[in-house]
Amino acid sequence: MDVVLLSRCQFALTIMFHYLFPPLTIGLGVVLVFLEYRWLRTNDPIFHTAVRFWTKIFGINFALGVATGIVMEFQFGTNWALYSRYVGDVFGSALAAEGIFAFFLESGFLAVLLYGWDRVSRGFHFFATLMVALGGIFSSVWIVIANSWQQTPAGHHLVEHTINGQVFVRAEIVDFWAMIFNPSSVHRLVHVWFGAFTLGAMFVMSISAWYLLHGRHAEFAKRSFTGGLMLATLASLGQLASGHFNAEMVAEHQPAKLAAFEGHFQTGDAGTPMYLFGWPDEQTRQVKAGLSVPGMLSFLVYQDARRPVPGLDQFEDTYGSPPVWMSFQSYHLMIGLGMLFLASTLWACGCWWRGTLFHQRWLLWYFVFAVGLAFVANEIGWVAAEVGRQPWVVYPTLGPDGTLSGGLRTAAGISEVVTANEVLGSIIMFGLIYAVLFVLWVYLLNRAIQRGPDAEAAPPAPPVSDTLGTVAAAQTRFHGGEH
């Protein structure tokens, strides 16, 4: 009944459930923009049918994402009051920017996207779709910036304040752009985007593959699956490159986290191996039943297979030691799933090129269920990033003299008045509410999928002037004997 552990579990529950929806919303937003653009360019009714169907799915996920995201902001002021006091100036500005520049843009055009098909012009509806998609992307920008600042703080100084005789330290911004472009923000933001694009594409491919396997809506499903496959392939390739640069950033700015990711307990005299899998034992400080590639970690970090990478033994006295087992397994699971997506999408592209893609039933069944793995990959990536940062909620900066400055330990960010029983009660309450919301989400998705693309979702009728011109031409041809 430790209040810190329970508060961390509560926040993990709420944010991991919430994070089912934002990456899917971002990924589907890109899909909607592509489909509606294709409809405008080609006037092909199948694209119009597709974009209307996926818009319904998008709306369901957007609603659940908003409902589940509000809870987290209240936790900052309840369970994590001292944390909020420390980071309020930094985190508050990022959240305010997210609300002003992202959420208002996204929600402002959402009604036009969902209900404006027969009320606005095609061009304006496409503009609304583009704004909703950009709003989702802009929202991720500010949230990732705020989180990245906690990983690699920059552009601030620490100021002591006294309230009611109590002295506390607060981080205040001195360079707004340095705070935004802190050392990890761009790398992590790109990584999040590629993960979201992969999930959105896999979601489209899953439903499309299910239709194809059951012989329903074949033309719609083939077009949707092919478009999703192209996006998933490009995103998987991008994720591979992004992951490498992200790991290099972690090696430079959070070396203890990298050591935990790789189960690297003891610094050696030669090149450091990279484990493909294994079971880290923090008692014996060894990775049991592991398979490693000699010198590979040194090569990826330094481009020198003989240069040793610092192990946890060099950081435990200063940074402290993250939970190695959870960091190692979540990091390796994320990488393994990313490589699986890359291999499977490239294989599917080869089948598409040979014209055999839609005859490979086993491959279609794989993509029906691969969307679940894409959800896991997005979630587990955040688990690795957050657990690997412990025991710090705001990571400290290592000075030239080897001493730490700034930073806030997780245990020091908890509220002084919230009790363990109160947190446990809220966990149970949130668990029940989220279970209901999850069932509702699955029910609404299943109902929309079972119904399929709306047969009435045909392109709007031509303008009256065009219709009259068509009738006049037909009459002329009739009277001329051509009928």
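In what follows, the structure referred to is the one given above.
Numbering of residues starts from 1 in each chain and follows the order in which that chain's sequence is written. Owing to the predicted nature of the model, reporting of local features is limited to residues with pLDDT of at least 70; listing and counting of side-chain atom pairs is limited to 80 or more, with chain, interface and lining totals taken over all residues. Only hydrogens and water are removed before side-chain values are computed, so all heavy atoms of the structure are retained for them.

J.: Which residues make up the pattern of salt bridges, and what are the values?
T.: Within this document, salt bridges are pairs made up of a side-chain nitrogen of Lys or Arg and a carboxyl oxygen of Asp or Glu, the two lying within 4 Å of each other. Throughout the structure, instances matching the rule amount to 7 salt bridges. Between Glu316 and Arg285 there is a salt bridge whose closest N-O contact spans 3.2 Å. One end of the pair, Glu316, is in the loop between helix 10 (296-302) and helix 11 (324-354); the other, Arg285, is in the loop between strand 3 (274-281) and strand 4 (286-293), with 31 residues separating them in the sequence. Between Arg389 and Glu386 there is a salt bridge; the shortest N-O distance is 2.6 Å. With a 1.4 Å probe rolled over the protein chains alone, any residue whose accessible area is under 20% of its type maximum counts as buried; one over 50% counts as exposed, and the rest are partly exposed. For Glu386, a relative accessible area of 22% translates into the label partly exposed. Secondary structure is summarised from DSSP: a helix means a run of H or I of at least four residues, a strand means a run of E of at least two, and numbering begins at the N terminus for each.

J.: Report on the packing of aromatic side chains, specifying residues and quantitative values.
T.: Aromatic pairing here means that ring centres of Phe, Tyr or Trp (its six-membered ring) are within 6.5 Å. Orientation follows from the plane angle: under 30 degrees is stacked, over 60 is edge-to-face, and everything else is tilted. Applying the stated criterion across every chain yields a total of 34 aromatic pairs. Relative to Phe91, the ring of Tyr83 has its centre 6.2 Å away and its plane inclined at 70°; by these criteria the two rings are edge-to-face. Ring geometry for Phe438 versus Trp441: centroids 5.8 Å apart, planes at 55°, classification tilted. Of this pair, Phe438 and Trp441 both sit in helix 13 (residues 420-451), 3 residues apart, which is roughly one turn of that helix. On the accessibility criterion, Phe438 (38% relative accessible area) is partly exposed. When its relative accessible area of 6% is taken as the criterion, Trp441 is described as buried. Grouped by ring-pair contacts, the aromatic residues Phe17, Phe21, Phe375, Phe430, Tyr434, Phe438 and Trp441 constitute a single cluster. The side chain of Arg307 reaches across the aromatic face of Tyr302, ending 3.8 Å from its centre. Charge over a ring is defined by NZ of Lys or CZ of Arg lying within 6 Å of the ring centre and within 35 degrees of the ring normal.

J.: Requested: an account of a nonpolar patch on the surface, with residues and values cited.
T.: On the surface, Met1, Leu424, Ile428 and Leu432 cluster together to form a nonpolar patch covering roughly 420 Å² of accessible area. Tracing the sequence through the fold places Met1 in the segment before helix 1 (3-18). Patch rule: a residue counts if its relative accessible area is over 30% and it has no salt bridge; like charges are joined within 9 Å, and nonpolar side chains (Val, Leu, Ile, Met, Phe, Trp, Tyr) within 5 Å. Method for areas: the Shrake-Rupley scheme with a 1.4 Å probe, in which residue coverage is limited to the protein chains shown.

J.: Account for helix 11, naming residues and giving values.
T.: Every α-helix winds through 3.6 residues per turn, so residues three or four apart in the chain are directed the same way. Expected span, for any helix, means 1.5 Å times one less than how many residues it has. With 31 residues, helix 11 extends 45 Å between its outermost C-alpha atoms, agreeing within 8% with the 45 Å of an ideal straight helix rising 1.5 Å per residue. Directly beyond the C-terminal end of helix 11, a positive phi value near 80° is found at Gly355.

J.: Describe in detail the side chain of Glu106, supporting the description with residues and values.
T.: Within the secondary structure, Glu106 is located in helix 4 (residues 81-115). A residue counts as positive if it is Lys or Arg and as negative if it is Asp or Glu; His and the chain ends are not included. Notably, Glu106 is buried but unbridged: the nearest opposite-charge side chain belongs to Arg188, and the N-O separation is 19 Å. By the convention used here, residues are in contact when the closest approach between their heavy atoms is within 4.5 Å. Not counting the four nearest positions on each side in its chain, Glu106 is found in contact with Thr25, Phe62, Met131, Val132, Gly135 and Gly136.

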